[in-house]
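Now for the letters of each chain:
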Amino acid sequence: MPDLWASGSYDHSVHLHDTRAKARKPAMVFDHGQPIEALLPIGGSSTLLLCLGGTEMRLFDLLKGSSTPLHRMLNVHGKAVTCAARGLDKKDAPVVMTGGLDGRVKVHSMDNWEVVQSLAVGGQVLAVDMARDGSRFAVGTNNGVVDIRVRPKDFLSSDEEMLAASDQPFAPVTQDDNDDADDGEDDAGPLDIAKMKFGIPRARSQASSGPRPGTFRYFMRGKGEKPGNSDILAIEKGRKRRRLPLHDQMLQKFRFGEALDAAFRSRDASVIAAVLEELLFRNALKGAANSGQGRAESILHFASKHLSNPRHAELLIEVVHTIVDECEAQSGPLYTAEAREALGELRSRVNDEIEAQRQLTSMLGIVEMAVFASRKAYS
């Protein structure tokens with residue numbers, strides 16, 4: 001019916017327009033129930049309309065004028081159906097070919113709308129078309145590849161042949177050399193479909209293995225694209241993971257005392273300070289200092305040695321306050337002879353630092369007075 005045309009959209013509706021009508025509103029509206037991907041008119045007089053959307057297909061009769069579909073096919077594909085085309089099988093029976101995002105192409109018989117053929121392709125199917133006589137069909141996928149298959153007349157008669165060839169990539173169709181030599185036909189003439197071999201796809205050449213760099217297709221090729229010979233792998237397979245230091249492993253296992261011992265064995269001031277800071281953050285410094293013999297003394301000795309270092313001074317002051325304030329029990333580690341010796345050393349170090357700060361403050365005042373006097377003399 002050339003005066004009718006249909007449109008479908010993602011609002012789940014199909015609008016049927018009549019060019020003979022003066023009204024701008026659609027003549028009929030059908031509800032598909034899912035976002036519509038494609039419409040296909042079928043039948044000798046194009047009175048039937050096949051609507052594809054989601055994972056199902058619905059068949060509407062335009063002459064009947066009813067919004068109820070004549071036939072409804074559910075779960076046609078594992079994912080959304082994207083395209084459809086119609087043609088003929090080897091017995092000249094009408095068939096419909098559909099493609100979906102599940103990467104499969106299926107052939108449906110129009111007699112009972114059952115799936116008679118199914119094959120897998122190397123990507124999500126976005127477009128499919130079939131010759132009217134069923135001699136060839138083409139499939140377009142999301143990775144930019146167009147696969148074309150040509151068959152002999154008995155191709156659709158063997159399901160096993162279709163399924164065996166569907167797992168391989170498509171290859172150009174070639175003509176049988178023996179048949180050409182026997183019939184003596186001109187090579188430049190049209191190819192006889194009956195004498196063609198079924199095109200089992202092979203891998204594309206290196207020159208055409210992918211889109212050209214800098215193009216939009218190259219940018220959108222996806223993570224499934226395999227690297228070429230000229231590509232540089234940023235990460236090699238089988239590369240071993242970097243092993244964490246022992247103190248980090250102990251912190252991950254919440255063994256704080258052993259983490260503190262491992263940090264002191266490293267003899268690295270930055271590592272020891274980092275572990276002490278982490279223990280303060282986790283409120284575990286008290287337990288770590290009390291859990292083993294000599295750990296509190298080691299912390300006090302470290303504080304005495306690095307108290308004058310501006311990088312660790314603020315942290316060490318907080319560490320010493322935490323240990324002294326929290327360890328109040330008479331049987332605690334701070335009341336041993338070694339702890340008292342370490343506290344005395346720390347007290348002496350603090351007094352020396354305070355005296356040095358006082359002398360520096362006095363020297364700073366003398367320098368400021370000299371600078372002020374010199375400026376006043378030259379003014």
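What counts as what
Residues numbered from 1 in each chain as written. Predicted model: local features only at pLDDT ≥ 70, side-chain atom pairs only at ≥ 80, totals over all residues. Heavy atoms only, no water. Pairing = 2+ DSSP bridges. Helix = DSSP H or I, 4+ residues; strand = E, 2+ residues; numbered from the N terminus. Axes fitted to C-alpha atoms, helices over the stretch in contact; angles between N-to-C directions. Buried < 20%, exposed > 50% of the residue type's maximum accessible area, 1.4 Å probe, protein only. Salt bridge = Lys/Arg side-chain N within 4 Å of Asp/Glu carboxyl O. Patch = residues over 30% accessible without salt bridge, like charges linked within 9 Å, V, L, I, M, F, W, Y side chains within 5 Å. Areas by Shrake-Rupley, 256 points an atom, 1.4 Å probe, with all protein chains shown as cover. Parallel < 35°, antiparallel > 145°, perpendicular 65-115°, else oblique. Left-handed = near helix turned anticlockwise from the far one by under 90°. Contact = heavy atoms within 4.5 Å. Phe/Tyr/Trp six-rings, centres within 6.5 Å; stacked < 30°, edge-to-face > 60°.

**Q** Tell me about the sheet that holds strand 7 (residues 71–73), and name the residues and values.
**A** The strand order across the open sheet built from four strands is 4-5-6-7, with neighbouring strands paired in antiparallel fashion. Two strands close off the open sheet at either side, each with one partner strand: strand 4 (36–42) and strand 7. Averaged over all neighbouring strand pairs, the angle between strand axes comes to 15°, with direction disregarded. Pairing between strand 4 and strand 5 (residues 48–53): six bridges, direction antiparallel. Each bridged residue has a counterpart across the sheet, and for Leu40 the counterpart in strand 5 is Leu50.

**Q** How would you explain the side chain of Arg58 if you had to name every residue and give the values?
**A** Residue placement: Arg58 occurs in strand 6 (residues 56–61). Judged by relative accessible area, which is 12%, Arg58 ranks as buried.

**Q** Which residues make up the pattern of salt bridges, and what values do they have?
**A** Think of it this way: side chains of opposite charge can pair up when their charged atoms draw near. According to the stated counting rule, one finds five salt bridges in the structure shown. The salt bridge involving Arg255 is made with Glu258; its shortest N-O contact spans 2.7 Å. Judged by its relative accessible area of 35%, Arg255 is partly exposed. Residues Glu355 and Arg358 are paired through a salt bridge, measuring 2.4 Å at the closest nitrogen-oxygen approach. You can see Glu355 and its partner Arg358 sitting in helix 10 (residues 337–378), three residues apart, about one turn around the helix. Under the relative-accessibility criterion, Glu355 is labelled partly exposed at 33%.

**Q** Tell me what's going on with a nonpolar patch on the surface, and back it up with residues and numbers.
**A** A contiguous nonpolar surface patch, about 420 Å² in accessible area, is contributed by Phe216, Phe219 and Met220. Tracing the backbone shows Phe219 in helix 3 (residues 216–219). Residue Phe219 is classed as exposed on the basis of its relative accessible area of 66%.

**Q** Before we move on, can you summarise the packing of helix 5 (residues 256–266) against helix 8 (residues 295–306) with the specific residues and values?
**A** Between two packed helices, what matters for the description is the angle formed by their axes and the separation of those axes. In contact at an axis separation of 11 Å, helix 5 and helix 8 are set at 45° when each is read in the N-to-C sense. As far as their axial angle goes, helix 8 and helix 5 are oblique. Viewed along their axes, helix 5 and helix 8 form a crossing whose handedness is left-handed. Seen from helix 5, the contacting residues are Gly257, Glu258, Leu260, Asp261 and Phe264; seen from helix 8, they are Arg295, Ser298, Ile299 and Phe302.

**Q** A description of the packing of aromatic side chains should follow, citing residues and the corresponding values.
**A** Applying the stated rule across the entire model yields three aromatic pairs. Plain terms: the ring middles of Phe254 and Phe256 are 6.2 Å apart, the flat faces sit at 90° to each other, and that makes the pair edge-to-face.

Such coordinate-based values are descriptive only and should not be taken to indicate function.
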